[in-house]
Amino acid sequence: MTSPTTVGITGASGFVGRSLAGAFAKSGCNVVPLGRREQRHYDLNHPVPPALLDGLQVVVHAAYSSASDNVAALRRLLEASRAAGVRQFVFISSLASNAESASAYGKDKCRAERLLDPSSDLIVRPGLVTGNGGLYAGMRGFIVRTGLVPIFGDKRRQVHLVTDDALSRAVARLVFAGRTGLFWC
């Protein structure tokens, strides 16, 4: 893929979305934030506005809300992206993605992944994203306030960490390399 590229990022005001926007901007891309508080208004709970994807070559879907039907939202965005001629669709999933996951989040991510075509779409499954936001920042605050360290999972599962910066740089490299399929980060 040739640079500069115009990249739309859902959830661009969130922890991972802000980091992704920064990485693409540093790579010379024109970044278009897509979200509830953005000029190009996008809400997971509503149909995709007709002009939302105008001029975008890449859409990175990083938005998630426990108050939304995330699978239906992805379906609408994916269909609109295909209809708009977006060259590459990127879905930020999770290592928690599993049909048998104990969490609704993991089950949602798994159902969402099934909508994508690995031969043309890019799916990135990051571990726990560390940095100054998201779940990790909440955990760090809990530890500082209480002195207690939460234990995750059990002996069979390890918690994999990735910094927000490393994740974002990896996603940008995968996009510029034209990669598709499933990647763990």
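Scroll up to find the structure this text is about.
Below, the structure is looked at part by part. (Residues numbered from 1 in each chain as written. Predicted model: local features only at pLDDT ≥ 70, side-chain atom pairs only at ≥ 80, totals over all residues. Heavy atoms only, no water.)

Here we come to the environment of valine 162. Mapped onto the fold, valine 162 is located in strand E8 (residues 161–163). For valine 162 and tyrosine 42, which are 120 residues apart along the polypeptide, the C-alpha to C-alpha distance reads 27 Å. Setting aside residues up to four positions removed in sequence, valine 162 forms contacts with Pro126, Gly127, Leu128, Val129, Thr130, Leu167 and Cys185. (Helix = DSSP H or I, 4+ residues; strand = E, 2+ residues; numbered from the N terminus. Contact = heavy atoms within 4.5 Å.)

Within this structure, the stated rule accounts for 2 aromatic pairs. Summarising the aromatic geometry, the rings of phenylalanine 24 and phenylalanine 176 are spaced 6.4 Å apart at their centres and angled 45 degrees between planes, so their arrangement reads as tilted. With phenylalanine 24 in helix H1 (residues 15–26) and phenylalanine 176 in helix H5 (residues 164–176), this residue pair connects regions lying 152 residues apart in the sequence. On the numbers, 4.8 Å between centres and 80 degrees between planes, the contact of tyrosine 64 with tyrosine 105 is edge-to-face. In this pair, tyrosine 64 is assigned in the loop between strand E4 (58–61) and helix H2 (70–84) and tyrosine 105 in helix H3 (residues 104–113), connecting sequence segments 41 residues apart. By relative accessible area, which is 34% here, tyrosine 105 ends up partly exposed. (Phe/Tyr/Trp six-rings, centres within 6.5 Å; stacked < 30°, edge-to-face > 60°. Buried < 20%, exposed > 50% of the residue type's maximum accessible area, 1.4 Å probe, protein only.)

Evaluation of the coordinates by the stated rule reveals 1 cavity of 30 Å³ or more. Here the largest cavity is characterised by a volume of approximately 60 Å³. Lining the largest cavity, in full, are Leu44, His61, Ala63, Tyr64, Asn70, Leu74, Phe91, Asp108, Lys109 and Ala112. Listing elements by their share of the lining of the largest cavity, those giving two or more residues are H2 and H3. The dominant element in the lining of the largest cavity, judged by the number of residues it contributes, is H3, at 3 residues. The residue makeup of the lining of the largest cavity, split by class, is 6 nonpolar, 2 polar and 2 charged. (1 Å grid on protein atoms, 1.4 Å probe; cavity = no way out; pocket = protein on both sides within 12 Å on 5 of 7 lines; lining within 4 Å. Points joined across faces, edges and corners; volume = space filled by probe spheres on them. Nonpolar A, V, L, I, M, F, W, Y, C, P; charged D, E, K, R; others polar.)

As a further point, take a nonpolar patch on the surface. Taken together, the side chains of Phe142, Ile143, Leu148 and Val149 present a nonpolar region at the surface, about 340 Å² in accessible area. Structurally, the position occupied by phenylalanine 142 is in helix H4 (residues 134–146). What makes phenylalanine 142 partly exposed here is its relative accessible area of 32%. (Patch = residues over 30% accessible without salt bridge, like charges linked within 9 Å, V, L, I, M, F, W, Y side chains within 5 Å. Areas by Shrake-Rupley, 256 points an atom, 1.4 Å probe, with all protein chains shown as cover. Salt bridge = Lys/Arg side-chain N within 4 Å of Asp/Glu carboxyl O.)

The terminal C-alpha atoms of H2 lie 21 Å apart, and with 15 residues this matches the ideal 21 Å at 1.5 Å per residue to within 8%. Those residues of H2 not exposed but buried are Asn70, Val71, Ala72, Ala73, Leu74, Leu77, Leu78 and Ser81. Here the buried face of H2 lies against strand E1 (6–10), E4, strand E5 (88–92) and H3. One or two positions beyond H2, positive phi appears at glycine 85, with a value near 80 degrees. (Expected span 1.5 Å × (residues − 1).)

Attention shifts here to the pattern of salt bridges. Any two side chains of opposite charge can pair, so long as their charged atoms come close to each other. What the rule picks out here adds up to 4 salt bridges. Arginine 111 is paired through a salt bridge with aspartate 108; the nearest N and O atoms lie 2.6 Å apart. Of this pair, arginine 111 and aspartate 108 both sit in helix H3, 3 residues apart, roughly one helical turn. Between arginine 169 and aspartate 165 there is a salt bridge; the shortest N-O distance is 2.2 Å. One end of the pair is arginine 169 and the other is aspartate 165, both in helix H5 and 4 residues apart, which spans about a single turn. What makes aspartate 165 partly exposed here is its relative accessible area of 35%.

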